[in-house]
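Spelled out, the chains give:
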Amino acid sequence: MKLTRRDFLTNLGFGSFLVASGALAAMLARFLTPNVVTPAPGPVEIGSPDEYAVGSLTHIENARAYLGRDERGFYAIIAICTHLGCTPRLDADEFVCPCHGSRFTRDGKVISAPATRALDRAFVGRNANGKLFVDRSRRVSGDYRLLA
Amino acid sequence: MSLWRKEKSIIYALHPEKIPASGARLTYTFGLGGIAVLASLITLLTGVALTFYYVPTPSDAHNSILLIQDVVSFGALMRGLHYWGAQWMVVAVTLHLARVVFTGGYRPPREFNWLIGVALLVITLVWDFTGYVLRWDDGAYWAFLVGTNLLREIPAFGETIYRAIVGDVQIGANALLRFYGWHIFGLTVAGVFGVVYHLWRLRKDGGISRPLLDENETREFISRDELFFREFILSALISAALVFLTLIFPAPIGVVANLDAGVTDVRAPWIFLWVQNLLRVIPPLWAGIIAPMFVLALIIALPFLDRRGPGRAIWFARERWKPQVILAVIALVLIVLSVVEAVR
Ligand code: HEM
Ligand code: FES
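Remember, predicted model here, so these are calculated numbers, not experimental data.

*Asks:* What is the right way to look at the site of ligand 1 in this model?
*Replies:* Residues and elements named next belong to chain B. The full set close to ligand 1 counts 25 residues, and His96, Arg99, Gly117, His198 and Ser209 are the nearest of them. Contact distances for ligand 1 include 3.3 Å between an oxygen atom and a backbone N or O atom of glycine 33. At a separation of 2.8 Å, an oxygen atom of ligand 1 approaches a polar side-chain atom of arginine 99. For the shell around ligand 1, the secondary-structure elements that each account for two or more residues are helix H3 (26–29), helix H4 (32–51), helix H6 (75–103), helix H7 (111–134) and helix H10 (173–204). Among the elements that take part in the shell around ligand 1, H6 stands out by supplying 6 residues, more than any other. Residue classes in the shell around ligand 1 are distributed as 14 nonpolar, 9 polar and 2 charged.

*Asks:* Sorry, what's going on with the packing of aromatic side chains here?
*Replies:* How two aromatic rings sit relative to each other is set out by the distance from centre to centre and by the angle between their planes. Residues and elements named next belong to chain B. Under the criterion given, the structure shown has 18 aromatic pairs over all chains. Between tyrosine 106 and tryptophan 114 the ring centres are 6.3 Å apart and the planes differ by 80°, which places this aromatic pair in the edge-to-face class. Classification of tryptophan 114 as buried rests on a relative accessible area of 6%. Aromatic ring contacts, followed pair by pair, group Trp136, Tyr141, Trp142, Phe144 and Phe179 into a single cluster. Above the plane of the ring of phenylalanine 221 lies lysine 18, whose end atom (NZ or CZ) is 4.2 Å from the centre.

*Asks:* Whenever I open this one, the packing of H6(B) against helix H11 (residues 224–248) of chain B confuses me. Can you help?
*Replies:* Two numbers describe a pair of packed helices, the interaxial angle and the distance between the axes. All names here are of chain B. In contact at an axis separation of 9 Å, H6 and H11 are set at 120° when each is read in the N-to-C sense. One element, H6, and the other, H11, form an angle in the oblique class. Judged by the twist between their axes, the crossing of H6 over H11 is right-handed. Here Ala76, Leu77, Gly80, Leu81, Trp84, Gly85 and Trp88 of H6 come into contact with H11, specifically with Ile238, Ala241, Leu242, Val243, Leu245, Thr246 and Leu247. When its residues are assigned to classes, the contact of H6 with H11 shows 11 nonpolar, 3 polar and no charged.

*Asks:* What's the story with H7(B) in this structure? I'm lost.
*Replies:* At 3.6 residues per turn, the α-helix brings residues three or four places apart onto the same side. Compared with the 34 Å implied by 1.5 Å per residue over 24 residues, the 35 Å span of H7(B) between its first and last C-alpha is a close match. At the C-terminal side of H7(B), B:Trp136 shows a positive phi close to 55°.

*Asks:* Could you clarify how one ought to interpret the coordination of the iron atom of ligand 1 in this entry?
*Replies:* Metal coordination angles in their ideal form are 109.5 degrees for the four-donor tetrahedron and 90 or 180 degrees for the six-donor octahedron. Residues and elements named next belong to chain B. All of the protein donors around the iron atom of ligand 1 are His96 (NE2) and His198 (NE2); their distances to the metal are 2.0 to 2.1 Å. For the iron atom of ligand 1, the 6 donor atoms are set out with angles of 87 to 179° between them, so the coordination reads as octahedral. Placement of histidine 96 in helix H6 and of histidine 198 in helix H10 is noted, with a sequence separation of 102 residues between them. Each member of the pair, histidine 96 as well as histidine 198, is classed as buried.

Cut-offs applied
- Residues numbered from 1 in each chain as written.
- Chains lettered and ligands numbered in written order.
- Predicted model: local features only at pLDDT ≥ 70, side-chain atom pairs only at ≥ 80, totals over all residues.
- Heavy atoms only, no water.
- Near = heavy atom within 4 Å.
- Polar contact = N/O pair within 3.5 Å; in protein donor to acceptor, adjacent residues only side chain to side chain.
- Helix = DSSP H or I, 4+ residues; strand = E, 2+ residues; numbered from the N terminus.
- Nonpolar A, V, L, I, M, F, W, Y, C, P; charged D, E, K, R; others polar.
- Phe/Tyr/Trp six-rings, centres within 6.5 Å; stacked < 30°, edge-to-face > 60°.
- Buried < 20%, exposed > 50% of the residue type's maximum accessible area, 1.4 Å probe, protein only.
- Lys NZ or Arg CZ within 6 Å of the ring centre and 35° of its normal.
- Axes fitted to C-alpha atoms, helices over the stretch in contact; angles between N-to-C directions.
- Parallel < 35°, antiparallel > 145°, perpendicular 65-115°, else oblique.
- Left-handed = near helix turned anticlockwise from the far one by under 90°.
- Contact = heavy atoms within 4.5 Å.
- Expected span 1.5 Å × (residues − 1).
- Donors = N, O, S within 2.8 Å, 3.2 Å for Na, K, Ca; no water.
- Tetrahedral: all angles 85-135°; square planar, octahedral: opposite > 155°, others 65-115°.

Have a look at this one:
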């Protein structure tokens, strides 16, 4: 088959249009992807250790977390449902999620679906002034305790 | 000199000279496509008005809506018409889709217009959802949170898609601004283009579908003037009904969202109640991504299950049972799931 000059130029025209459109689409996709995002939340100071009795589980304002204390020490349960991220609320002795009804024990273990994973734990530490803080950007295992 | 010349008016340009009486009969289309056009126009105009007061930032969004609602003159009416116009649009578009299936209006050469229609359905739903988010009240916030977190369940590309849509690693100011942009501009451009294309294509496909004639029958027509008159009356009635609806039931708004405090009960917007129900029982990827995609794919495929043969442009023709049964089953399942979720 012989390619005429006219066909060649037509193909060239359409070809460059397609390439340019593809490039534009790729640039748009990249444009939509942000280069700067909200930083992870930092540590939140939550008072001195003796404000929390052994056996207590206290809601911490502005941290989306609960501070617990048992015989071994302090721990923090993150109040973000492991299903799709709603905030479960402490109801009697269980965490109940308002979105699709997952339930967790006081320790954050799953009692009923749809969630399949226990609530995450955040790092609890003590700063130079002896105050406790919770750092949600640092996840720790369920065994973690800050010794009292 | 006269400024008004009927034959040069836009009404003439937008309507064919005459259309078959069968297609113009109210009991054939129930005017549902037309109602969708009207509802989208009302929603569009009142939406423009709302942009003059609405502030798309997490700190001010909710307050600016309260301002529109309680302080701005006729603000509650504008917002109410916008809200109810949008709800009617969803209802009209859905019923219009059902009408097209049950009368076989999708038959060739109209199957391409069916596909444009499906795109309009998706645009309508996303439009509705992005608008809901702008309220930034309790209900909207949790729906936004769950809806966007669902994107993360998509294998391999989830996080990338999440960031491209949300514009961040969590929902907040960036996400609200983006959804505002999509709602008032991106989807509006796509929607207006889609509706114009749909109506242009309707004319190119020979107008609204009509039954085949028997030997001895002649086709009856109605004139452009008659068509416009009927449209006018229907539009006036629907508009009046919308205003009354708005006066009796103001558009809802909840308390401002608070992530920290756990709430007792969260309810998805009514169009997605069925998804919320599924999310309780099956894994998120299946309930929130695969199931809706599957329903959409089934809907796209409907016209291709029945392309020729008798039964054209007749309500509930038995010959075309396949698409009708499938749509009825889809509708039944979605309605049952939604009702169960709504009353729980
Ligand atoms: C914004 C959304 C939509 C608007 C404004 C719209 C508007 C219209 C109008 C005015 C008509 C003329 C007949 C009538 O009024 O029933 C029509 C016909 C049609 N529409 Fe839509 N429509 C929309 C969505 C859809 C959807 C979701 C579908 C299906 C998936 C669809 C498929 C069709 C088809 C196939 C026809 C031709 C039917 C026939 O000739 O019998 N449309 N549309
Ligand atoms: S987000 Fe908690 S159950 Fe779905």
